Amino acid sequence: MNLSVPSDSKGTRASQRELLVLDPNNDLPDISQVLSGYHWHCLKVSNAADALKLIDRHGIKIAVAMIHQNDTGSLAKDLVNIQQQFPQLHWLAVSDEVLGQSCSWLLTVNVIDYFHLPLDWQRFNDALGHGLGMSELASSANARAREPHALAPIRGEHPLIKNLRHSLEKLGPSDETVLLSGETGSGKGLCAKWLHRYSLRQHGPFVVVNCGALPASLIQSTLFGHEKGAFTGAERRYIGHLEQANGGTLFLDEIADLPLDLQVNLLQFLDDKHIFRVGGCKPVELDCRLLFASHQDLESAVDEGRFREDLYHRINVLRLHVPSLREYLEDIMLLAEQFLDDFNHGNDQLAFSDDAVQAISHYNWPGNVRELQNRIRRAAVMVEGPLICARDLGLEPAMLHRWQNDLASQREELDTEVILKAISDNRHNISAAARALNISRSTLYRLLKKSHLNN
Ligand SMILES: Nc1ncnc2c1ncn2[C@@H]1O[C@H](COP(=O)(O)OP(=O)(O)OP(=O)(O)O)[C@@H](O)[C@H]1O
């Protein structure tokens, strides 16, 4: 190996650029020394787990992987794993001999150039500089894409939505856990992203885990990670979601679906700020904020013994309710028009017909904003002319009638409940109950008759 060092080799650590070298068999024993002459500071590791730690800790943007023509299988898996977690990282590959066709997979994991031994250090240094530049460009483009305007705005002008936006701005920077509640599709996930955006961790990772979507047998290792050999099939160490979110935010959606035994582990993490990987005995210190969401009623889950009361109290410190679309129905056409703008594929002539406006305004939207978006997205593609009608939205009259009948019966039930409460609160004095309800005695008698309560 040519060890000649260029003449300007007195670079201080401060002016050096950091580089990771993944060299499992120490085939590049002199790389740190030679590259320090080009103002590079090398962090050498022999395995992917250590690589992941250093990439995260040092914000590494450029790395070198030493590969062997006949032994690329495990390295390929390592690079794919690292690439998934750090997509902006760029690699140079170094091989002991000229690589053949079988190594075309390198292109899929951000390997921008490859060299074989002995190295031409000048050319190698140039390629490293080029790779670092590309990586920094990609990172800044990504950071720009993550700026607030790139995150979907929380739309609506109703006081409930204004209040929601205000709460997100206030709760975001607090670093406390936040429990988001609300119906499916109401925007809990979007609110979690905004909490992360408003936090000091906004440049750290934002990791989402849907506890309801993970098979019970995998949840523990998916969340907490596992050590190599922890169980049959654990061929290598796996960094779990909590660790992936280190320095950032972990959003645990559908938290009510987390099995009870893992609720204990989670509670421990919230108290001690460290985890144990499955099969590991060394605590791993972590610094990540947790956000939770559930569309289930957690209080009932506690009553039914499905959710630990201590965990419930621990995560129920800051609570944010995301309103269902029905609660701010006044805004629905505003949202609908804006989503149509988003989805109209450049066709700004597209508009809603009167029957579509009627249908949108009278439907009950059980799937909330997600359903509204999806119906409009589909209609914008399927519509034949310039006007989207109720049928394009899949909101045929029969569907609306069924819902309107439901609404009528629900209103009646609510009326009955309110009337009975007023009568009971006023010790069965009909005049006092009518006054409390702000209606006349005769109206109260009529309502009692309608609800068959007049006997
Ligand atoms: N007020 C809003 N303005 C604009 N878009 C919204 C609003 N509320 C929700 N959305 C959008 O609706 C979709 C569904 O939202 P999201 O996935 O956050 O709902 P969720 O409550 O987390 O649903 P689930 O409980 O099913 O996980 C997303 O595309 C989100 O961006």
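Throughout this document, residue positions are counted from 1 along each chain, in the order its sequence is written. Local features in this predicted model are restricted to residues of pLDDT 70 or higher, and side-chain atom pairs are both shown and tallied only at a pLDDT of 80 or more, whereas totals for entire chains, interfaces and linings draw on every residue.

An account of the site of the ligand is requested, with residue identities and associated values reported.
Throughout this description, a residue near a molecule or strand is one whose C-beta atom, derived from the backbone, lies within 6 Å of it. The immediate surroundings of the ligand are formed by 18 residues, with Arg155, Gly187, Lys188, Gly189 and Val369 found nearest. Helix numbering and strand numbering both begin at the N terminus, where a helix is a DSSP run of H or I of at least 4 residues and a strand a DSSP run of E of at least 2. Every element with two or more residues in the shell around the ligand is listed here: helix H6 (188-197) and helix H14 (368-382). Amino acids outside the nonpolar list (Ala, Val, Leu, Ile, Met, Phe, Trp, Tyr, Cys, Pro) and the charged list (Asp, Glu, Lys, Arg) are all regarded as polar, and Gly is one of them. Across the shell around the ligand, the residue classes break down as five nonpolar, nine polar and four charged. Here the limits of each domain have been adopted from an automatic or database domain assignment. Domain assignment of the residues forming the shell around the ligand places at least three in each of domain 2 (151-321) and domain 3 (327-395).

Can you tell me about unusual backbone geometry, naming the residues and giving the values?
Cis geometry marks the peptide bond from leucine 117 to proline 118; its omega dihedral reads -5 degrees. As for its position among the elements, proline 118 is in the loop between strand E5 (111-116) and helix H4 (121-145). You will see that histidine 39, though not glycine, has its phi angle at about 70 degrees, which is positive. Along the polypeptide, histidine 39 turns up in the loop between helix H1 (31-36) and strand E2 (40-45). Not every positive phi belongs to a glycine, and aspartate 175 is a case in point at roughly 70 degrees.

Can you tell me about the pairing of strand E3 (residues 62-67), naming the residues and giving the values?
Here a residue counts as buried when 20 or more other C-beta atoms sit within 10 Å of its C-beta, as exposed when there are 12 or fewer, and as partly exposed otherwise, the C-beta atoms being derived from the backbone. Judged by how many residues are buried, E3 sits mostly within the fold: six of six residues are covered. Burial along E3 is two-sided: Ile62, Val64 and Met66 and Ala63, Ala65 and Ile67, pointing in opposite directions, are all buried. When DSSP finds at least two bridges between two strands, those strands are taken to pair. Where strand E1 (residues 17-22) lies against E3, three bridges are found, and the strand directions are parallel. Note that in E3 the partner of leucine 20 across the bridge is alanine 63. As paired strands, E3 and strand E4 (residues 90-95) are joined by six bridges and run parallel to one another. The residue of E4 that forms the bridge with alanine 65 is alanine 93.

Got a sec to walk through the nonpolar core? Specific residues and values, please.
To count as a nonpolar core, a set of buried Ala, Val, Leu, Ile, Met, Phe, Trp, Tyr and Cys residues must be joined through C-beta atoms within 7 Å. If you look at the biggest cluster of nonpolar residues, it comprises 38 residues, and the most contacted ones within it are Leu180, Cys191, Leu195, Leu250, Leu252, Leu291 and Phe292. Those elements that place two or more of their residues in this core are helix H5 (159-171), strand E6 (178-181), H6, strand E7 (206-210), helix H7 (216-224), strand E8 (249-253), strand E11 (289-294) and helix H11 (309-315). Once C-beta atoms have been placed from the backbone, residue pairs whose C-beta atoms lie within 7 Å are recorded as contacts. In contact with leucine 250, other than residues within four places in its own chain, are Val207, Val209, His241, Leu242, Ala245, Cys288 and Leu290. Leu19, Trp40, Met66 and Ala93 belong to the second-largest nonpolar core, a separate cluster that totals 37 residues.

For the sheet that holds E3, give the residues involved together with the corresponding values.
Spatially, the five strands line up as an open sheet ordered E2-E1-E3-E4-E5, and their pairing is parallel. The open sheet has two edge strands, E2 and E5, and neither has a second partner. Each strand of the sheet is rotated relative to its neighbour by a mean of 25 degrees, with strand direction disregarded. Judged from the five bridges that link them, E4 and E5 form a sheet pairing that is parallel. When the sheet's bridge partners are listed, leucine 92 is paired in E5 with aspartate 113. Only the contacting stretch of a helix is used when fitting its axis, a line to C-alpha atoms as for every element, and angles between N-to-C directions run 0 to 180 degrees.

Let's hear about the sheet that holds E8: which residues, and what values?
Spatially, five strands are ordered E7-E8-E11-E6-E12 in an open sheet, and the strand pairing comes out parallel. Two strands in the sheet have a free side with no partner beyond their single neighbour: E7 and strand E12 (318-321). Here the strands of the sheet are splayed against their neighbours by 20 degrees on average, with no regard to which way each runs. By the bridge criterion, four bridges tie E8 to E11 in an arrangement that is parallel. Bridged to leucine 252 within E11 is phenylalanine 292.

Run through the packing of helix H12 (residues 332-343) against H14, naming residues and quoting values.
Two numbers describe how H12 lies on H14: the axes approach to 9 Å, and their chain directions differ by 45 degrees. One finds that H12 runs oblique with respect to H14. The chirality of how H12 crosses H14 is right-handed. Residues Leu335, Ala336, Phe339, Leu340 and Phe343 of H12 lie in contact with H14, whose contacting residues are Val369, Leu372, Gln373, Ile376, Arg377 and Ala380. Here the contact of H12 with H14 is composed, by residue class, of nine nonpolar, one polar and one charged. For classification purposes, angles smaller than 35 degrees are called roughly parallel, those larger than 145 roughly antiparallel, those between 65 and 115 roughly perpendicular, and all remaining angles oblique. Here a crossing is called left-handed whenever its near helix is offset anticlockwise from the far helix by less than a right angle, and right-handed whenever the offset is clockwise.

Lay out the packing of H12 against helix H13 (residues 354-362) with the relevant residues and their values.
Running from N to C, H12 and H13 cross one another at 120 degrees; their axes reach a closest spacing of 10 Å. The angle between the axes of H12 and H13 places the two elements in the oblique class. Of the two elements, H12 crosses H13, and the hand of that crossing is right-handed. Across the interface between the two elements, Ile332, Met333 and Ala336 from H12 touch Val357, Ile360 and Ser361 from H13. Residue composition of the contact of H12 with H13, by class: five nonpolar, one polar and no charged.

Before we move on, can you summarise the confidence of the model for the protein chain with the specific residues and values?
Scored by pLDDT, the protein chain comes out at a mean of 84, with 86% of its residues at no less than 70. The pLDDT value expresses, per residue, how confident the predictor is, ranging between 0 and 100. Every residue in residues 1-14 scores below 50 in pLDDT, and together they form 16 contacts with partners more than four places removed in sequence or on other chains. For this predicted complex, the interface score ipTM comes out at 0.99, while the overall pTM is 0.61.

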